[in-house]
Protein chains: 2
Amino acid sequence: MTQPLPITTLINGRPADTISVHDRGLNYGDGLFETMAVVNGTIRRFDLHLDRLALGCSRLGIECPPRELLMQECSSLSRSATRAVLKLIVTRGIGNRGYASPRDTRPTRIVSLHDWPKDPEHWHPTGVAVRWCTTTLSRQPLLAGIKHLNRLEYILGRSEWTDPEIAEGLLRDTDGNVICGTMTNIFLMRSGELTTPTLDHCGVAGTTRHTVLALAKELEIPTIEAPVTASDVETADEVFLTNAVIDIWPVNRIGNRALARGQIAHRLQKLLMRLR
Amino acid sequence: MTQPLPITTLINGRPADTISVHDRGLNYGDGLFETMAVVNGTIRRFDLHLDRLALGCSRLGIECPPRELLMQECSSLSRSATRAVLKLIVTRGIGNRGYASPRDTRPTRIVSLHDWPKDPEHWHPTGVAVRWCTTTLSRQPLLAGIKHLNRLEYILGRSEWTDPEIAEGLLRDTDGNVICGTMTNIFLMRSGELTTPTLDHCGVAGTTRHTVLALAKELEIPTIEAPVTASDVETADEVFLTNAVIDIWPVNRIGNRALARGQIAHRLQKLLMRLR
């Protein structure tokens, strides 16, 4: 069993647990974040997280803190953790009131260590039950793919259920395309092809999604990023969910409908476990 | 001249200027705000601001702090200010990592007093130059109208120009409808009718917009909330912008195009000045 960890936080490299009320992260959600799995002191797929953060900073016009500095601060919190979640937030920094970006501010870096989630371990082998959310995601190419701090749509989606037996809610966009779960990306096997929704109008391009697409190519499973409908999901040969902490959850039920169980999720789970 | 004010802040009723890094306002933009004009110790149209805040809380499922408490905290900061801007933020409160709303948290209240903006006073009589933004607003009925903390689209819009002679940028939604300025609502006079964009898919339903619509009705000017195109704006008999701090700015130029000057904005400016 993992011992509960005290929450430990660095702000701009120093131990602290409060930020200025004038930080634009609070005032406008003006920033980005990464949620990372720490196993035996190592941050899994750290490079992919830093790549996405850099992409997000570039999209929002935030100067990304130096990679070396982020690596150093993240490592200093995580190196003695057996199993934990590391969260990194980068905001545009402290500013005056108003949407115009201040010229003389430095981005704020917040690194914090959190307990591993208490999701049942058997969800990995046996799969999870999910539901359709009625909350829909708006289509905004400027913010699609990156992991920014404007997360109200996902919170509204996640607020639709409290049943602990339901692991995740599936979100469609305002045009009806299936995009993702509230905290996961979605994959489906259809006619021998591994499909995951395109994320050019909404959604977050997950690091595990990225890795799964690469692994599937290595396994010579045909992969495709394409628009996905709810009917595609419900009639798929296999459905699974990914994120950086859970890796892969097979889906065994959507609403009242039992889903076929396939083998691809299990093959990918094993490969992912070997990767660090 | 107004003396510069020291920024003064109350958090949950106590003088402080930092919040927990685990506040959901920072982590997800999970909250709402109001920006209010203080003149001679009085918060202008305070009731309308509190009404919109309550509506926003209800939409997001945040328990709105008691009105009396908010009035007391806001007044205590503003009562000795001659001319200042008062900002009120209400977040869902401190929570663990994850989108699911914590059950045992209390909303965070942040009240802060800011300097009056340094916009040229002559903009009120002579009008302002504005531009079209290329940033478009996504269509999300669940968040439309309320003043939530997810403001990245507006920041991207405001980042499109730095010329201090341009007072505001006009935003369209992803379908091409004109919605608002980055920090203002927009009104146009066309064939004797006062039109302002419908805000059921995006935008913030401004308190001054609300008041202007009511005043126009008193003046027996026909008013309509309707979809508005860029061409409607460019060919209008008169265009003006509103927000709680500026009241009304007539628009005299959009991009390179001079705009007709009308009289409605000036009539409404005078009426608004009399209201407190």
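Residues numbered from 1 in each chain as written. Chains lettered and ligands numbered in written order. Predicted model: local features only at pLDDT ≥ 70, side-chain atom pairs only at ≥ 80, totals over all residues. Heavy atoms only, no water.

**Observations regarding the overall build of chain A**
Thinking step 1. Along chain A, the regular secondary structure elements total 8 helices and 16 strands.
Thinking step 2. Its C-alpha radius of gyration of 19 Å places chain A within 12% of the 19 Å reference for a compact globule of 276 residues.
Thinking step 3. By its C-alpha atoms, chain A is 55 × 40 × 35 Å across when sized along the principal axes.
Thinking step 4. Counting every position in chain A, which comprises 276 residues, the buried fraction comes to 57%.
Thinking step 5. Taken as a whole, chain A presents about 11,600 Å² of accessible surface, with 51% of it coming from carbon and sulfur.
Thinking step 6. Computed over 32 positive and 30 negative side-chain charges, the inter-centroid distance for chain A is 3 Å. (Helix = DSSP H or I, 4+ residues; strand = E, 2+ residues; numbered from the N terminus. Rg over C-alpha atoms; globule rule 2.2 N^0.38 Å. Buried < 20%, exposed > 50% of the residue type's maximum accessible area, 1.4 Å probe, protein only. Areas by Shrake-Rupley, 256 points an atom, 1.4 Å probe, with all protein chains shown as cover. Lys, Arg positive; Asp, Glu negative; His and termini not counted. Charge placed at Lys NZ, Arg CZ, Asp CG, Glu CD.)

**A word on the interface of chain B and chain A**
Thinking step 1. Contact residues are listed per partner, giving 57 residues for chain B and 57 residues for chain A.
Thinking step 2. At the boundary of chain B with chain A, total buried surface from both sides reaches about 4,500 Å², with 65% on carbon and sulfur atoms.
Thinking step 3. Its residues placed into classes, the side of chain B that touches chain A shows 23 nonpolar, 22 polar and 12 charged.
Thinking step 4. In this sheet, strand β3 (residues 18-20) of chain B lies alongside strand β3 (residues 18-20) of chain A in antiparallel orientation, the contact comprising 3 bridges. Looking at β3 of chain B, one finds that serine 20 of chain A is bridged to threonine 18 of chain B. (Contact = heavy atoms within 4.5 Å. Buried area = accessible area lost by both parts, 1.4 Å probe. Nonpolar A, V, L, I, M, F, W, Y, C, P; charged D, E, K, R; others polar. Pairing = 2+ DSSP bridges.)

**Examining the packing of aromatic side chains**
Thinking step 1. Going through the model one piece at a time under the given rule, you end up with 10 aromatic pairs over all chains.
Thinking step 2. Seen from their ring centres, tyrosine 154 of chain A and tyrosine 99 of chain B are 5.9 Å apart, and the 35° between their planes marks the pair as tilted. With one member in each of two chains, tyrosine 154 of chain A in helix α5 (residues 152-158) and tyrosine 99 of chain B in the loop between β6 (83-91) and β7 (108-114) form a pair that bridges those chains.
Thinking step 3. The structure contains a cluster of three or more aromatic residues connected by ring pairs, namely Tyr28 and Tyr99 of chain A together with Phe33 and Tyr154 of chain B.
Thinking step 4. Seen from the ring of tryptophan 161 of chain A, arginine 158 of chain A lies directly overhead, with NZ or CZ sitting 4.0 Å from the centre. (Phe/Tyr/Trp six-rings, centres within 6.5 Å; stacked < 30°, edge-to-face > 60°. Lys NZ or Arg CZ within 6 Å of the ring centre and 35° of its normal.)

**Quick notes on helix α6 (residues 207-218) of chain B**
Residues separated by three or four positions in an α-helix point in the same direction, a consequence of the helix having 3.6 residues per turn.
Residue and element names in this part refer to chain B.
Thinking step 1. Taking 1.5 Å of rise per residue, 12 residues should cover 16 Å, and α6 covers 17 Å from first to last C-alpha, within 8% of that figure.
Thinking step 2. For α6, the set of buried residues is Thr207, Thr208, Arg209, Thr211, Val212, Leu213, Leu215 and Ala216.
Thinking step 3. Residue glutamate 220 follows α6 closely and has a positive phi angle near 60°. (Expected span 1.5 Å × (residues − 1).)

**Digging into the side chain of glutamate 73 of chain B**
Thinking step 1. By the element assignment, glutamate 73 of chain B lies in helix α3 (residues 67-78).
Thinking step 2. Sequence-distant contacts of glutamate 73 of chain B, defined by excluding residues within four places in its chain, comprise Leu10, Asn12, Gly13, Arg109 and Val111 of chain B.

**Details of the sheet that holds strand β1 (residues 8-11) of chain A**
Residues and elements named next belong to chain A.
Thinking step 1. An order of β2-β1-β7-β6-β4-β5 is seen for the 6 strands of this open sheet, with the pairing classed as antiparallel. A strand with exactly one partner marks an edge of an open sheet, and here the two such strands are β2 (14-15) and β5 (42-43).
Thinking step 2. Sheet contacts for helix α2 (residues 46-60): β4 (31-39), β5 and β6 (83-91); angle to β4, the most-contacted strand, approximately 175°.
Thinking step 3. On the sheet, helix α3 (residues 67-78) packs against β1, β4, β5, β6 and β7 (108-114) and is oriented at approximately 25° with respect to β7. (Axes fitted to C-alpha atoms, helices over the stretch in contact; angles between N-to-C directions.)

**A few points about the relation of the copies chain B and chain A**
Thinking step 1. Overlay of chain B on chain A (RMSD 0.0 Å): rotation 180°, translation along the axis 0.0 Å. Taken together, these values place the two copies in the relation of a two-fold axis. Closest approach to the rotation axis within chain B is made by the C-alpha atom of leucine 26 of chain B, at a distance of 2.0 Å. (Least-squares fit on C-alpha atoms with pLDDT ≥ 70 in both.)

**So, the confidence of the model for chain A**
Thinking step 1. Confidence in the prediction for chain A averages 95 pLDDT; 97% of positions are at 70 or higher.
Thinking step 2. Two summary scores accompany this predicted model of the complex, namely pTM at 0.95 and ipTM at 0.95. (pLDDT = per-residue confidence, 0-100.)

**Brief notes about the packing of helix α6 (residues 207-218) of chain A against helix α8 (residues 264-274) of chain A**
For any two helices packed against each other, one specifies the crossing angle of their axes together with the interaxial distance.
Residue and element names in this part refer to chain A.
Thinking step 1. Remark: α6 packs on α8, axes separated minimally by 11 Å, with the N-to-C direction vectors making an angle of 110°. One element, α6, and the other, α8, form an angle in the roughly perpendicular class. When α6 is examined against α8, the residues Thr208, Thr211, Val212, Leu215 and Ala216 are found in contact with a partner set consisting of Leu268, Leu271 and Leu272.
Thinking step 2. Taken together, the residues that form the contact of α6 with α8 break down as 6 nonpolar, 2 polar and no charged. (Parallel < 35°, antiparallel > 145°, perpendicular 65-115°, else oblique.)

**Description of the nonpolar core**
One recurring pattern in soluble globular proteins: nonpolar side chains tend to sit buried together.
Thinking step 1. Within the largest apolar cluster, 93 residues are counted, with the highest numbers of intra-cluster contacts made by Leu86 and Leu88 of chain A together with Leu86 and Leu88 of chain B.
Thinking step 2. Those residues in contact with leucine 86 of chain B that lie beyond four places of it in its chain are Glu34, Thr35, Met36, Val38, Ile43, Cys74, Leu77, Ser78, Val111, Ser112 and Leu113 of chain B. (Core = buried A, V, L, I, M, F, W, Y, C linked by side-chain atoms within 4.5 Å.)

**Regarding the side chain of glutamine 269 of chain B**
Residue and element names in this part refer to chain B.
Thinking step 1. Of note, glutamine 269 is situated in helix α8 (residues 264-274).
Thinking step 2. Judged by relative accessible area, glutamine 269 falls into the buried class, the value being 12%.
Thinking step 3. At 2.9 Å, the side chain of glutamine 269 and the backbone oxygen of isoleucine 248 are in polar contact.
Thinking step 4. Beyond its immediate sequence surroundings of up to four residues, glutamine 269 is in contact with His124, Ile248 and Pro250. (Polar contact = N/O pair within 3.5 Å; in protein donor to acceptor, adjacent residues only side chain to side chain.)

**Some words on the pattern of salt bridges**
Thinking step 1. By the definition in use, this model includes 30 salt bridges over all chains.
Thinking step 2. Two residues, aspartate 247 of chain A and arginine 45 of chain A, come together in a salt bridge whose shortest N-O distance is 2.9 Å. Within this pair, whereas aspartate 247 of chain A is found in strand β15 (residues 247-254), its partner arginine 45 of chain A is found in the loop between β5 and α2, the two being separated by 202 residues in sequence. No difference in accessibility class separates aspartate 247 of chain A from arginine 45 of chain A, as the two residues are buried.
Thinking step 3. Between arginine 190 of chain B and aspartate 232 of chain B there is a salt bridge, with the nearest N and O atoms lying 3.4 Å from each other. One end of the pair, arginine 190 of chain B, is in strand β11 (residues 185-190); the other, aspartate 232 of chain B, is in helix α7 (residues 230-234), and 42 residues separate them in sequence.
Thinking step 4. Residue arginine 190 of chain B is classed as partly exposed on the basis of its relative accessible area, which comes to 34%.
Thinking step 5. Within the structure, one salt-bridge network assembled from shared partners comprises Arg24, Asp30 and Arg92 of chain A. (Salt bridge = Lys/Arg side-chain N within 4 Å of Asp/Glu carboxyl O.)

**A closer look at the pairing of strand β13 (residues 223-226) of chain B**
Looking along a regular strand, one sees side chains alternate from face to face of the sheet.
Residues and elements named next belong to chain B.
Thinking step 1. By the bridge criterion, 4 bridges tie strand β12 (residues 193-197) to β13 in an arrangement that is parallel. Bridge pairing in β13 links proline 197 to alanine 226.
Thinking step 2. Crossover handedness for the path β12 to α6 to β13: right-handed. (Right-handed = clockwise from strand over helix to strand, strands pointing away.)

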